[in-house]
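Here are the chains, one letter per residue:
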Amino acid sequence: MKVCVAQPEYSTDYSRSDELFEKQLALFEQCDSSMDLIVFPESCDIPCLAKTKEAAEKSVKKYNQRLLEIASATAKRCNALLFVNARSETETGSRNTTYAFNRNGEIAGKYYKQHLTPGEVSVMKLDGDYSFEFSEPTVIEIEGIRFGFLICYDAYFYEAFPNLARQNLDVIIACSHQRSDTHEALKIMSQFLAYNTNTYVIRSSVSMDVNSNIGGASMVVAPTGEVLCHMESHIGLSTAEIDVHKKYYKPAGFGNPDAAHYEYIEKGRRPWKYRPSGSAIVRPDDIMPYPRFCAHRGFNTIAPENSMPAFGAAVAMGAEEIEFDLWVTKDGEIVSCHDKKLDRVSTGTGNIYDYTYEELLSFDFGIKYGKKFKGLKILKFEDILKKLSCHTIMNIHIKTVDNQCEYDPDALRKIIALIDKYDCRKYVYFTSGNDNLLRLARRMAPDICRCVGAGDAPRELVDRAIRYDCKKIQLFKGKFDQEMIDRAHENGIICNVFWSDDEDEAREYLAMGIDTILTNDYNLISRIAENATVL
């Protein structure tokens, strides 16, 4: 099979858009019937740098339809499979899309970019909601050839490569627009991709300048890592002959049959050593939508509060947030319990912080809730992170002996270290009514969101949030009004309310503009979510 990669000229001068679009179309015209597979780069309908959303949309409006028509005609004229990247419109907005055309010039499938750059989200406002949902890698099979896809930034996320390899692909189409890495770096990354997925990688990008050693690097790489063609910064077309069904198998250890590299790796994979990932991962706190319903002390109407059964039940039912309380034991362990006194929730008596962790383990934290929970032990903060890191947002209420005391920096340092150990920093925020603790948290971990709790001054929550640069406040039932909510929102501050277990009351809170409702009955209160956005 003869494959062809195109590398058009690119410019940061937007005024050259018409000129460079026509030059790009000329490359389509240069394709001929000797070619079986043709690949063009990312954003072919934006031929020059568009610094604003308006400029990008102007280009798309002017060039997109014509580009796709030319691509279709080229595939049909050359009797070739053709891949080109441009915008597509969906019900939820514009998407960065690779189009696959069959030999008849028909669209055989589409691939949507999975890792949008910050600029694509914040400046270009492309639709990216789909990228936060679990999905299998896109595979388009044409003529018995299994095609996988990456678009530019996608190629940097090496953790996705094993999942691509599992699809038994023959070719990975990599439409790119890389403008900063060197030719050598791009070659290494493409070789790494090909070798780790046992596929041919066909990469098409744009030339920044014929004398540049960055960007460009359109190439074809075999499963062995051999580079069959490499355009560096040349402008035009380049071809290579490949056998898409030819794989690379290597010795897979003493006495084992030959295997693809990824098959060899799978035998020893230890996912417990990696960052949290997979289908259960939710959006981090800064982009998780509102309104939210926070399972207060877990789903504590069906299981003991601040217990793993309560937290697990809430998360399994889809709780956007869980809330729990942390105390420091006498020997410095971080444990979860609401009351400072043990009497209500356990067989122990006295203050929780007067016991070591080992001493606390002698008490039963389930029997007072019900016989079925007999034997539950006090829960460590690390136990919560170990099971639920990145599976929900965690509203962490850090408890102090009284609201005016200084908090132990070493204890807060340990809490932060545990959060980092389980890669959960983007999924937590600290809640406290203690202003001293809020100041300490701002100094020690300024990037971890802080929420001002009522403490001794519930009516001063907004002023305190502004004073301590907190992004959230936690209003206390009966001690807030509409004016406080409005003022908080005017200052970009999110409003939680503690608490509601009544559907009508919860609806009233949402109508007032409350962003997150803490509830003891997540199942009951979360039912109003479908209607929440229209209130």
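Going by the structure above, here's the rest.
What comes next concerns the included structure. Just so it is clear, the model here is predicted, and its values are computed rather than measured.

**A short note on the packing of aromatic side chains**
Aromatic ring pairs: the centre-centre distance and the angle between the two ring planes describe each pair.
Right, so step 1: Using the criterion set out here, one finds 21 aromatic pairs in the structure.
Right, so step 2: Judged by centre distance (6.4 Å) and plane angle (20°), the ring pair of Y99 and F101 falls under stacked.
Right, so step 3: A relative accessible area of 4% places Y99 in the buried class.
Right, so step 4: Using a relative accessible area of 2% as the deciding quantity, one classes F101 as buried.
Right, so step 5: Taken together, the ring pairs in this structure connect F83, Y111, F147 and F149 into an aromatic cluster.
Right, so step 6: Sitting above the plane of the Y290 ring, R292 keeps its charged end 4.0 Å from the centroid.
Right, so step 7: A cation sits over an aromatic face here: K472 above Y429, 3.7 Å from the ring centre.

**Here we look at the sheet that holds strand β3 (residues 81-90)**
Right, so step 1: Pairing in this open sheet of six strands is mixed, and the strands run β5-β4-β3-β2-β1-β12 from one edge to the other. Looking at the sheet topology across the chains shown, the edges are occupied by β5 (107-112) and β12 (236-241). Neighbour-to-neighbour, the strand axes of the sheet open up by a mean angle of 30°, direction not taken into account.
Right, so step 2: Relative to strand β4 (residues 93-101), β3 runs antiparallel, the two sharing nine bridges. Note on β4: the bridge partner recorded for F83 is A100.
Right, so step 3: Packing of helix α2 (residues 53-78) onto the sheet brings it into contact with β2 (37-39), β3 and β4, and relative to β3 it is tilted by some 150°.

**Details of α2**
Right, so step 1: Between its terminal C-alpha atoms α2 stretches 35 Å, which fits the 38 Å expected from 26 residues at 1.5 Å a residue.
Right, so step 2: At Y63, α2 shows its maximal bend, which comes to roughly 45°.
Right, so step 3: Looking at the buried side of α2, the elements it contacts are α1 (17-30), β2, β3 and β4.
Right, so step 4: Positive backbone phi, approximately 55°, marks N79, located one or two places after α2.

**Topic: unusual backbone geometry**
Right, so step 1: Cis geometry marks the peptide bond from Y290 to P291; its omega dihedral reads 0°.
Right, so step 2: Within the element layout of this structure, P291 appears in the loop between α6 (261-266) and β13 (292-296).
Right, so step 3: Cis geometry is found at the peptide bond from F498 to W499, where omega equals 10°.
Right, so step 4: When you line up the elements, W499 lands in the loop between β21 (494-498) and α14 (503-512).
Right, so step 5: A positive phi is found at N79, a non-glycine position, where the angle reads about 55°.
Right, so step 6: Checked against the element boundaries, N79 lands in the loop between α2 and β3.

**Some words on the nonpolar core**
Nonpolar side chains tend to gather and get buried jointly when the protein is soluble and globular.
Right, so step 1: Ranked by size, the top nonpolar core spans 67 residues in total, and within it F381, M394, I396, F430, I473 and L475 carry the most contacts.
Right, so step 2: Per-element tally for this core: the top contributor is helix α10 (residues 409-421), with six residues.
Right, so step 3: When neighbours within four sequence positions are excluded, M394 is seen to be in contact with I322, F324, I384, L385, L388, S389, C424, Y427, V428 and Y429.
Right, so step 4: The next biggest cluster of nonpolar side chains, apart from the first, holds 27 residues, and it includes L37, V39, I173 and A222.

**Let's talk about the environment of V5**
Right, so step 1: Relative to the elements of secondary structure, V5 occurs in strand β1 (residues 2-7).
Right, so step 2: When its relative accessible area of 0% is taken as the criterion, V5 is described as buried.
Right, so step 3: For V5 and A529, which are 524 residues apart along the polypeptide, the C-alpha to C-alpha distance reads 49 Å.
Right, so step 4: Setting aside residues up to four positions removed in sequence, V5 forms contacts with V39, I202, R203, S218, M219, V220, C229, M231, G236, L237 and S238.

**Some remarks on the packing of α10 against helix α11 (residues 435-444)**
Axis angle and axis distance: for two packed helices, these are the angle between their axes and the distance between the axes, and together they describe the pair.
Right, so step 1: α11 packs onto α10 with a crossing angle of 55° between their chain directions and a minimal axis gap of 11 Å. For the element pair α10 / α11, the angle class is oblique. Seen from above, α10 lies across α11 with right-handed handedness. Between α10 and α11, the contacting residues are P409, L412, R413 and I416 on the first element and L440, A441 and M444 on the second.
Right, so step 2: Here the residues of the contact of α10 with α11 sort into six nonpolar, no polar and one charged.

**Concerning the sheet that holds strand β8 (residues 171-175)**
Right, so step 1: Spatial strand order, β6-β7-β8-β9-β10-β11: six strands in an open sheet with mixed pairing. At either margin of the open sheet sits one strand with a lone partner, and together these are β6 (140-142) and β11 (227-230). Within the sheet, the average angular offset between the axes of one strand and its neighbour, ignoring direction, is 20°.
Right, so step 2: Where strand β7 (residues 145-151) meets β8, five bridges bridge the pair, whose relative direction is parallel. From the neighbouring strand, I151 faces β8, where its bridge partner is C175.
Right, so step 3: In the packing of helix α5 (residues 183-197) onto the sheet, the strands contacted are β7, β8, β9 (200-204), β10 (219-221) and β11, and the crossing angle to β10 comes to about 35°.

**As for α1**
For the α-helix, the turn length of 3.6 residues means that residues three or four positions removed from each other point alike.
Right, so step 1: Between its terminal C-alpha atoms α1 stretches 20 Å, which fits the 20 Å expected from 14 residues at 1.5 Å a residue.
Right, so step 2: Those residues of α1 that sit buried are S17, L20, F21, Q24, L25, L27 and F28. Projection of α1 onto a plane perpendicular to its axis shows the buried side chains occupying an angular sector of 145°, all on one side.

**Side note on the pairing of β13**
Right, so step 1: With respect to burial, β13 is a largely interior element, five of its five residues being buried.
Right, so step 2: Here β13 shows a buried face lined by R292, C294 and H296 and a second buried face lined by F293 and A295.
Right, so step 3: Taken together, the four bridges between β13 and strand β22 (residues 516-519) define a ladder with parallel strand orientation. If you follow F293 over to β22, its bridge partner there is I517.
Right, so step 4: In terms of strand pairing, β13 meets strand β14 (residues 321-328) through three bridges, oriented parallel. Across the sheet, A295 pairs through a bridge with I322, a residue of β14.

Conventions we followed
Residues numbered from 1 in each chain as written. Predicted model: local features only at pLDDT ≥ 70, side-chain atom pairs only at ≥ 80, totals over all residues. Heavy atoms only, no water. Phe/Tyr/Trp six-rings, centres within 6.5 Å; stacked < 30°, edge-to-face > 60°. Buried < 20%, exposed > 50% of the residue type's maximum accessible area, 1.4 Å probe, protein only. Lys NZ or Arg CZ within 6 Å of the ring centre and 35° of its normal. Pairing = 2+ DSSP bridges. Helix = DSSP H or I, 4+ residues; strand = E, 2+ residues; numbered from the N terminus. Axes fitted to C-alpha atoms, helices over the stretch in contact; angles between N-to-C directions. Contact = heavy atoms within 4.5 Å. Expected span 1.5 Å × (residues − 1). Bend = angle between axes of the 7 residues up to and from the residue. Core = buried A, V, L, I, M, F, W, Y, C linked by side-chain atoms within 4.5 Å. Parallel < 35°, antiparallel > 145°, perpendicular 65-115°, else oblique. Left-handed = near helix turned anticlockwise from the far one by under 90°. Nonpolar A, V, L, I, M, F, W, Y, C, P; charged D, E, K, R; others polar. Arc of directions from axis to C-beta.

Coordinates in, geometry out; function isn't part of it.
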